[in-house]
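These are the residues of each chain, in order.
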Amino acid sequence: KQEVTQIPAALSVPEGENLVLNCSFTDSAIYNLQWFRQDPGKGLTSLLLIQSSQREQTSGRLNASLDKSSGRSTLYIAASQPGDSATYLCAPIKAAGNKLTFGGGTRVLVKP
Amino acid sequence: DTAVSQTPKYLVTQMGNDKSIKCEQNLGHDTMYWYKQDSKKFLKIMFSYNNKELIINETVPNRFSPKSPDKAHLNLHINSLELGDSAVYFCASSHRGGPGPQHFGDGTRLSIL
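This text gives an overview of the structure that appears in the document. All figures in this text were calculated on a predicted structure; none of them were measured in a lab. (Residues numbered from 1 in each chain as written. Chains lettered and ligands numbered in written order. Predicted model: local features only at pLDDT ≥ 70, side-chain atom pairs only at ≥ 80, totals over all residues. Heavy atoms only, no water.)

Quick notes on the overall build of chain B
What chain B contains, in helices and strands, is zero helices and 11 strands. For chain B, the N- to C-terminal ordering of α and β elements is β-β-β-β-β-β-β-β-β-β-β. Relative to the compact-globule value of 13 Å for 113 residues, chain B shows a C-alpha radius of gyration of 13 Å, a close match. Counting only C-alpha atoms and orienting by the principal axes, one finds that chain B spans roughly 40 × 30 × 25 Å. The buried share of chain B, taken over its 113 residues, is 45%. (Helix = DSSP H or I, 4+ residues; strand = E, 2+ residues; numbered from the N terminus. Rg over C-alpha atoms; globule rule 2.2 N^0.38 Å. Buried < 20%, exposed > 50% of the residue type's maximum accessible area, 1.4 Å probe, protein only.)

Pasting the structure below:
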């Protein structure tokens, strides 16, 4: 059974600092891994998807790395802004069309 | 151009009632999902349908009955609502045969009085 842990559970940084969000998973036999953002009272916005064969994926200020063999993924957010304040969730998936298994999320607050 | 849309957005009702949540996707995906986010914000899969067929049923009480009239719709009916059913329910969709991401709706916040 896949278990996903996200550390830290909460993070508060001043604007401009780089953010590092960690995700670990117990079953390394994954198909891909998705990072999401959730704003309070809102739905999930997909940020990045990394295929199991990839080491990293980038979109603007966001970069996600994947070390499948050690069961880890890291989301880096460069030059954080107050608008980055949200909860970030990682979710590996075992096979196409299968369920996502979510971590508990990291709640990020970027202070102006 | 809403990709995955759920209705209603909010649902407040009393214990014992029966209610339905509807979900529609216009992405041409063949697989749809229901996830539940509890009060502690943990998100867990409930059901998954592929081309109208149930493929995942994650130990959910049989008071919950999903129905997929076609591959663009997946509805969730809940009988005899209980206090513990209070949560946010998210619908999602994806292509089963491809590596693409799952796309989520905005959620339905269900509150049981």
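What to know about the sheet that holds strand β3 (residues 19-25) of chain A
Residue and element names in this part refer to chain A. The five strands are arranged β1-β3-β8-β7-β6 in an open sheet whose pairing can be described as antiparallel. Single-partner strands in this sheet number two, and they are β1 (4-7) and β6 (56-59). On average, each strand axis in the sheet is tilted by 15° relative to the strand beside it, whichever way the strands run. Examined bridge by bridge, β6 and strand β7 (residues 62-67) share four bridges and lie antiparallel to one another. (Pairing = 2+ DSSP bridges. Axes fitted to C-alpha atoms, helices over the stretch in contact; angles between N-to-C directions.)

Some remarks on the nonpolar core
Counting residues in hydrophobic clusters, the biggest one holds 21 residues, and the most contacted among them are A:Leu33, A:Trp35, A:Leu75 and A:Tyr88. Residue assignment for this core shows that the elements contributing at least two residues are β3, β4 (32-38), β5 (44-51), β7, β8 (72-77), β9 (86-93) and β10 (106-111) of chain A. Excluding residues that lie within four positions of it along the chain, A:Leu33 makes contacts with A:Cys23, A:Phe25, A:Leu48, A:Leu49, A:Ile50, A:Leu66, A:Ser73, A:Cys90, A:Ala91 and A:Pro92. Within the second largest apolar cluster, 20 residues are counted, among which are B:Val4, B:Trp34, B:Phe64 and B:Cys91. (Core = buried A, V, L, I, M, F, W, Y, C linked by side-chain atoms within 4.5 Å. Contact = heavy atoms within 4.5 Å.)

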